[in-house]
Amino acid sequence: MQDLNDMLYFAVVAERGGFAAAGRALGLPKSRLSRRVAELEARLGVRLLQRTTRKLSLTEVGEVFLRHCAAVRDEADAAAEAVAQVQSEARGTIRVACPVTLAHTTLGPILPRFLERHPQVRVDLRISNRVVDLVEEGVDVALRVRSTLDDSGSLVVKQLGRSRALLAASPAQLRRQGTPATPQELERMDTVAMSAVDGRTTWHLIGPGQASHALVHRPRYVADDLLTLKLAVLDGTGMCMLPDYLCRDDLAAGRLVPVLPGWEPKSGFVHAVFPSRRGLVPAVRRFLDFLGENIRGEEPYMPH
């Protein structure tokens, strides 16, 4: 097994560009660092550094080895930090961004319990459907629902669960326009939607055997809030693509009816994003753990 201290010394020498600068950073004599790196090269049987009188540079294998040394150092720092965070008390303000409907149905009901557990923590909750820039706006954690996790960029992702959606309509609308039996018959139905481009919206549906259908339609009513749209659906204005958590009670009571069961949008991922695993203050780490405990499973939006 490699001497982890020698790996650290080599990383600092490479990153500082020389033994003298690394010695000052580590508080060690230049001669000692030079000897330890030379011993490391001897054990590995390769040359990691090209030494000249004017400069120090990495060999090709040295560049590869440096990446691993830096990763080992970062993991060691993270391990020490994790222990310190467990031992420290959560306190301070957490700035959280959350979509409107998710805040109303999921985060809102459970957040008081988190605050009760951690009396030294304050939460600044920003409820909005727009995508926030966490770094630019100083947000610690953002909750999101997406069909993919690939659009999170450099942010760290904590997956919390999956969400399902369905096409829902009122019994009055189905009496007025009939009950569709095929995806093509959906085109004669009135619709309401969260957005439209040039007056049109496309809903992508997945059916039996992974068959797909793109429903292009002109919604009669556009609003960027699902709760508002659900009121229109209940009143018979048009059918809408709604998350099942939002209409479960109305479905059970018969106020809403699934349209074309077996055809539904691709399920989405409920997740939290945050800027970095390192440097998380105890309050933020406790909050992320709390979300993981209370938003999970096949129906992640329903609070425990």
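Preceding this paragraph is the structure being described.
Summing up its helical and strand segments, the protein chain has ten helices and 14 strands in all. Here the C-alpha radius of gyration of the protein chain, 28 Å, is well above what a compact globule of 304 residues would show, namely 19 Å. Reported as C-alpha extents along the three principal axes, the dimensions of the protein chain are approximately 90 × 45 × 35 Å. In the protein chain, which comprises 304 residues, the share counted as buried stands at 40%. Residue pairs at least 24 apart in sequence account for 71% of intrachain contacts in the protein chain once pairs closer than 6 positions are excluded. Carbon together with sulfur atoms contributes 51% to the accessible area of the protein chain, which is approximately 16,400 Å² in total. Between the mean site of the 40 positive side-chain charges and the mean site of the 35 negative ones, the protein chain shows a separation of 5 Å.

With that settled, the discussion passes to the sheet that holds strand β13 (residues 257-258). Spatially, β12-β7-β13 is the arrangement adopted by the three strands of the open sheet, whose pairing is antiparallel. Only two strands of the sheet have a single partner each, and these edge strands are β12 (240-243) and β13. Bridging between strand β7 (residues 165-169) and β12 involves four bridges; their strand directions are antiparallel. Bridge pairing links Leu-166 to Leu-242 in β12.

Time to look at the packing of aromatic side chains. Geometrically, a pair of aromatic rings is defined through the distance of the ring centres and the angle of the planes. All told, the structure shown has three aromatic pairs when counted by the stated rule. Ring centres of Phe-10 and Phe-65 lie 5.6 Å apart, and the angle between their planes is 45°; on these two criteria the pair is classed as tilted. Separated by 55 residues along the polypeptide, Phe-10 in helix α1 (residues 4-16) and Phe-65 in helix α4 (residues 60-87) bring together distant segments of the chain. Across the pair, Phe-65 and Phe-10 agree in class, each one buried. Consider the rings of Phe-114 and Phe-290, whose centres lie 5.3 Å apart with planes at 55°: the pair is tilted.

Further remarks concern the sheet that holds strand β5 (residues 141-146). An order of β4-β3-β5-β14-β6 is seen for the five strands of this open sheet, with the pairing classed as mixed. Only two strands of the sheet have a single neighbouring strand rather than two, namely β4 (121-127) and β6 (156-163). Within the sheet, the average angular offset between the axes of one strand and its neighbour, ignoring direction, is 20°. Pairing of strand β3 (residues 92-98) with β5, which is carried by two bridges, proceeds in the parallel orientation. Bridging across to β5, Ala-97 finds its partner in Ala-142. Lying on the sheet, helix α5 (residues 100-117) is in contact with β3, β4 and β5; it crosses β4 at an angle near 175°.

Further remarks concern helix α3 (residues 30-44). For α3, spanning 15 residues, the distance from its first C-alpha to its last is 21 Å, which sits close to the expected 21 Å at 1.5 Å a residue. Turning to α3, its buried residues are Leu-33, Arg-36, Val-37, Leu-40 and Glu-41. Buried residues in α3, looked at end-on, bunch into an arc of 140°, giving them a common side. In α3, the exposed positions angled more than 90 degrees off the buried face are occupied by Ser-31 and Ala-42. Where α3 ends, the next residue or the one after it, Gly-45, has phi of about 75°, a positive value.

A separate point is the pattern of salt bridges. One pass over the structure, following the stated rule, counts 17 salt bridges. Of the charged contacts in the structure, one is a salt bridge between Arg-73 and Glu-15, with a shortest N-O distance of 2.8 Å. Residue Arg-73 is found in helix α4, and its partner Glu-15 is found in helix α1; the two are separated by 58 residues along the sequence. Where Asp-244 meets Arg-164, a salt bridge forms, and the shortest distance between an N and an O atom there is 3.5 Å. Note that Asp-244 is positioned in helix α9 (residues 244-253) and Arg-164 in the loop between β6 and β7, a separation of 80 residues in sequence. The class of Arg-164 is partly exposed, set by a relative accessible area of 37%. A single network of salt bridges, built from pairs that share partners, joins Arg-164, Asp-244, Arg-248 and Glu-264.

Following the sequence through the fold, Thr-59 ends up in the loop between β2 (56-58) and α4. When its relative accessible area of 10% is taken as the criterion, Thr-59 is described as buried. Polar contacts involving the side chain of Thr-59 include one to the main-chain carbonyl oxygen of Arg-47, which spans 2.7 Å. Of note is the side chain of Thr-59, whose polar atom sits 3.0 Å from the backbone nitrogen of Gly-62. Leaving out residues up to four positions away in the same chain, Thr-59 has contacts with Arg-47, Leu-48, Leu-49 and Gln-50.

How each quantity is defined
- Residues numbered from 1 in each chain as written.
- Predicted model: local features only at pLDDT ≥ 70, side-chain atom pairs only at ≥ 80, totals over all residues.
- Heavy atoms only, no water.
- Helix = DSSP H or I, 4+ residues; strand = E, 2+ residues; numbered from the N terminus.
- Rg over C-alpha atoms; globule rule 2.2 N^0.38 Å.
- Buried < 20%, exposed > 50% of the residue type's maximum accessible area, 1.4 Å probe, protein only.
- Contact = heavy atoms within 4.5 Å.
- Areas by Shrake-Rupley, 256 points an atom, 1.4 Å probe, with all protein chains shown as cover.
- Lys, Arg positive; Asp, Glu negative; His and termini not counted.
- Charge placed at Lys NZ, Arg CZ, Asp CG, Glu CD.
- Pairing = 2+ DSSP bridges.
- Phe/Tyr/Trp six-rings, centres within 6.5 Å; stacked < 30°, edge-to-face > 60°.
- Axes fitted to C-alpha atoms, helices over the stretch in contact; angles between N-to-C directions.
- Expected span 1.5 Å × (residues − 1).
- Arc of directions from axis to C-beta.
- Salt bridge = Lys/Arg side-chain N within 4 Å of Asp/Glu carboxyl O.
- Polar contact = N/O pair within 3.5 Å; in protein donor to acceptor, adjacent residues only side chain to side chain.

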